[in-house]
Amino acid sequence: MAEMTTNYWWASESFWKKMAIWITAASAVVLIFLTFDTVAKITAGGKRVPAYSVINHRIDYVFDEKRNHQVPVIGPEEPLFGRSLSESEAAELVNKGKLTVQAKNCMNCHTLLGNGAYFAPDLTKSWLDPAWGSKEVREQSMIEFLMDPSDKLHNALGRRMPKLGITEEEARATVAFLKWMSAIDTNGFPANFKPIDQADTPAEAGAQATPAAAESSPVQ
Amino acid sequence: MASLGVLDSANLNGGQKLAVKYFTVAIALFGAQVLFGLLAGLQYLYPDFLYGVLDFSVNRMLHINALVVWLLFGFIGAVYWLLEDESGVPVVGLALGNLVFWVLTLAVVVVVGIYLLVQVGPGEMKSIWLINEGREYIEAPRWADIGIVVCMLAFFYNVAATFMKGRFTGIGGVLVLDLVALAGLYTAGMWYTPNISMDQHWWWWVIHLWVEATWEVLVGCLLAYGLIKTMGVRRKIVETWLYIEVALLFGSGILGLGHHYFWIGTPEYWLAIGGFFSALEPIPLVAMVVHAVFDAGHHKLKSTNNPALAWMIAQAFGNFFGAGVWGFMHTLPQINLYTHGTQWTASHGHLAFFGAYATIVIAFVYLAVQKWRGNVWMSGELVGAWRWKWAIFLLHVGMIGMTMALLIAGYEQSQIERAIEGSGWMGYFAAQAHPWFQQGMTWRMISGWVFAAGFLLLAWDLLTIGSRESRPARRLEPQEAMAVS
Ligand code: HEM
Ligand code: HEM
Ligand SMILES: [Fe+2]
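Residues numbered from 1 in each chain as written. Chains lettered and ligands numbered in written order. Predicted model: local features only at pLDDT ≥ 70, side-chain atom pairs only at ≥ 80, totals over all residues. Heavy atoms only, no water.

**What to know about the coordination of the iron atom of ligand 1**
Each pair of donors in an ideal octahedron of six around a metal sits at 90 or 180 degrees, and each pair in an ideal tetrahedron of four sits at 109.5 degrees.
All names here are of chain B.
Phase 1: Protein coordination of the iron atom of ligand 1 is limited to a single donor, His 348 (NE2), which sits 2.0 Å from the metal.
Phase 2: Taken as a pair, the iron atom of ligand 1 and the iron ion (ligand 3) show a spacing of 4.3 Å.
Phase 3: In this fold, His 348 is placed in helix H13 (residues 343-372). (Donors = N, O, S within 2.8 Å, 3.2 Å for Na, K, Ca; no water. Helix = DSSP H or I, 4+ residues; strand = E, 2+ residues; numbered from the N terminus.)

Have a look at this one:
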């Protein structure tokens, strides 16, 4: 071994020192280049990560033939809590929701976009979860649940979410944050998700199930 | 020099006196990590246990923060341990180093107090500043972030200035550059944004580029030093390997970052880039196993410190299996779509952190207690050797047991929650309630108790090993000893 390191260029210390430097530098440069592009594409207001005012619209998650997975679809105007917000009002509300999510440490029980803890359901598409009952009661159910989940057990294991001292204002903001998050294009994660029925009429419900309707306005 | 087998700081150089302080806190925090891990694990089985008092989120936050902090303390300690040896001169700013140690330790105590007693705050910026940032692994509030950065700068100054005053070995050069990157990356995780995609994008810069790039290289340096120290492996061999490792680790790990950019809103090109480069990440880990095992075999396992060598070999394999194999198994997007955010991830996280990082810190603590006791005998037929052997055995049985239990739970979850049910609220609980999942949680707990027993034995051993020895440490053969100086 000792001889090998001195005789062959491919086993020499100086060769690998140069390789280490060049490979690291090249990788870092490529990463920085990609980072500029990625950061531009995930700034709120783009195609993949929508503007915060998206909460003024219906958001759905529908199979897209071309991409071969589900994508968020921005539907007709359907303001959160029945009041349409300006871009800056919406941004402020979602911001408050995000602060609440951080200050209450939601991610040490839940995953968001699949990252976090595994003790409670993923919240990426919580806004679209059929377990809220129906579209009509969803907003109110969410607020009540967040403010005091301790007596609203939804599973057979007895695993409850604790009461985290969330005020009504914080709960509303958190719902706004969750609604906004559900509109992010996540390349089809979670797969095979079954969203709550948001159709206004039975006819629309039928149309909604077909991919053709989905192609009308996918976010991409 | 005090008599052999007695703990006496006169046996240590300046940097090493500081190192053992860091090691002491590190092992105490390791104990805290195990304790809060057990509490969190129990809450999977008994959801009402400590409900509303120490909720799962609190226990888990303490579990993983204690992990990150004890490893960082262990790394800082290990660097101070080798600094005077490698550079050939006393640590430049030892008084500053001591001050930083006390500041950091005090900050840790305060933060733990806040986590336990305050737990959560209102949804306002002041909670982020004062209480907790709610972002996995780097929850520490912003005041602590700033303190950590200042302390890291002081630490970095000490290391760089000492090498500059003395000599820059290959290990020293790689170490200094790596520490710049490691500390710099931390600042990527300090900022607030309402945009969850942007948030996670930068969060992974810290988490991934730490554990799969800069920490790995740091461990490469520590291992290089450890192999020279315990077996007298020639410096030229060790340093050539170190450069190979750096090239392969950074060459795969930097762009491998993309395996966390599949589903968080980031563009589709990451599916290909992340999948490809992260699939290469096991290669350097294989190289590291070959290196350690080859050297150990070459020196016929004759070492000056058997427990340290055993933990270094455990590191090579643990890194390879935990990071390399367990990481590879879920790193391609086609698979990760279903395993993402399940117990699968937890299985990998446990084996990788333990195998790659806990092991090397423990190895260094064994190096430290040996010298602290006057460079006492720690080779074959050590008095009371059963303790370190049983400790390493129980810790591994416990860890492998937990990993396997979580893996089975994770498979079940990928199948039922992710693939079939589509990850809704009810789908999640359909998977959680399944007997295979529940059995997984039970076995994780049983294995967790085994692990905890191993920890207690380890702590006892670290306090006592060598105390009943009066033989001086095994001497390296003359040609081995030459490599060390
Ligand atoms: C010692 C090195 C490593 C450590 C300590 C480590 C640790 C972790 C941890 C703790 C997580 C979970 C993060 C979270 O909480 O969300 C994670 C995720 C992940 N790791 Fe590693 N890892 C290492 C190396 C690797 C390698 C080499 C690969 C691939 C070959 C890999 C692939 C992954 C993937 C794909 C995920 C994302 C899992 C998901 O989608 O939920 N890791 N790692
Ligand atoms: C007594 C032994 C232990 C028990 C019972 C235990 C239990 C747990 C539990 C319940 C979680 C939360 C998982 C979830 O969100 O569902 C967790 C997370 C974690 N633990 Fe442990 N743990 C133990 C030891 C360790 C050790 C020794 C390490 C590393 C050296 C470790 C590293 C981690 C990591 C990195 C995570 C985060 C995983 C992720 O987000 O994917 N744990 N542990
Ligand atoms: Fe990674």
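**Notes on helix H1 (residues 14-45) of chain B**
Side chains of residues three or four places apart in an α-helix project in the same direction, reflecting 3.6 residues per turn.
Phase 1: For H1 of chain B, built from 32 residues, the straight-helix expectation of 46 Å at 1.5 Å per residue is met to within 8% by its first-to-last C-alpha distance of 48 Å.
Phase 2: Burial within H1 of chain B is extensive, with 24 of its 32 residues counted as buried. (Expected span 1.5 Å × (residues − 1). Buried < 20%, exposed > 50% of the residue type's maximum accessible area, 1.4 Å probe, protein only.)

**Remarks on the pattern of salt bridges**
All names here are of chain A.
Phase 1: Within the structure shown, the criterion is met by 23 salt bridges over all chains.
Phase 2: Where Arg 83 meets Glu 89, a salt bridge forms, and the shortest distance between an N and an O atom there is 3.9 Å.
Phase 3: According to the relative accessible area criterion, Glu 89 is partly exposed, its value standing at 34%.
Phase 4: With a shortest N-O distance of 3.5 Å, Arg 172 and Glu 168 are connected by a salt bridge. Here Arg 172 pairs with Glu 168, and both are found in helix H5 (residues 168-181), just four residues apart, close to one helical turn.
Phase 5: Its relative accessible area of 31% is what places Arg 172 among the partly exposed residues. (Salt bridge = Lys/Arg side-chain N within 4 Å of Asp/Glu carboxyl O.)

**Quick notes on the domain arrangement of chain B**
Interfaces are often sized by the accessible area lost when the parts come together.
Residues and elements named next belong to chain B.
Phase 1: What the domain assignment reports for chain B is domain 1 (7-168) and domain 2 (342-485).
Phase 2: Here domain 1 and domain 2 have C-alpha centroids that lie 20 Å from each other.
Phase 3: The interface of domain 1 with domain 2 comprises 28 residues on the first partner and 31 residues on the second.
Phase 4: Per-residue buried area on domain 1 facing domain 2 is highest for Leu 7, Leu 38 and Tyr 44; these three make up 23% of the total on that side.
Phase 5: Put simply, domain 1 and domain 2 have zero salt bridges between them.
Phase 6: Counting across the domain 1 and domain 2 interface gives four residue pairs in polar contact (both at pLDDT 80 or more). (Domains from an automatic or database assignment. Contact = heavy atoms within 4.5 Å. Buried area = accessible area lost by both parts, 1.4 Å probe. Polar contact = N/O pair within 3.5 Å; in protein donor to acceptor, adjacent residues only side chain to side chain.)

**Examining the environment of Met 190 of chain B**
All names here are of chain B.
Phase 1: With respect to the helices, strands and loops of the structure, Met 190 is situated in the loop between helix H6 (170-186) and helix H7 (196-231).
Phase 2: A sequence separation of 10 residues divides Met 190 from Gln 200, and the C-alpha atoms of the two residues are 12 Å apart.
Phase 3: Sequence-distant contacts of Met 190, that is, excluding residues within four places in its chain, are made with Arg 142, Asp 145, Ile 146 and Val 149.

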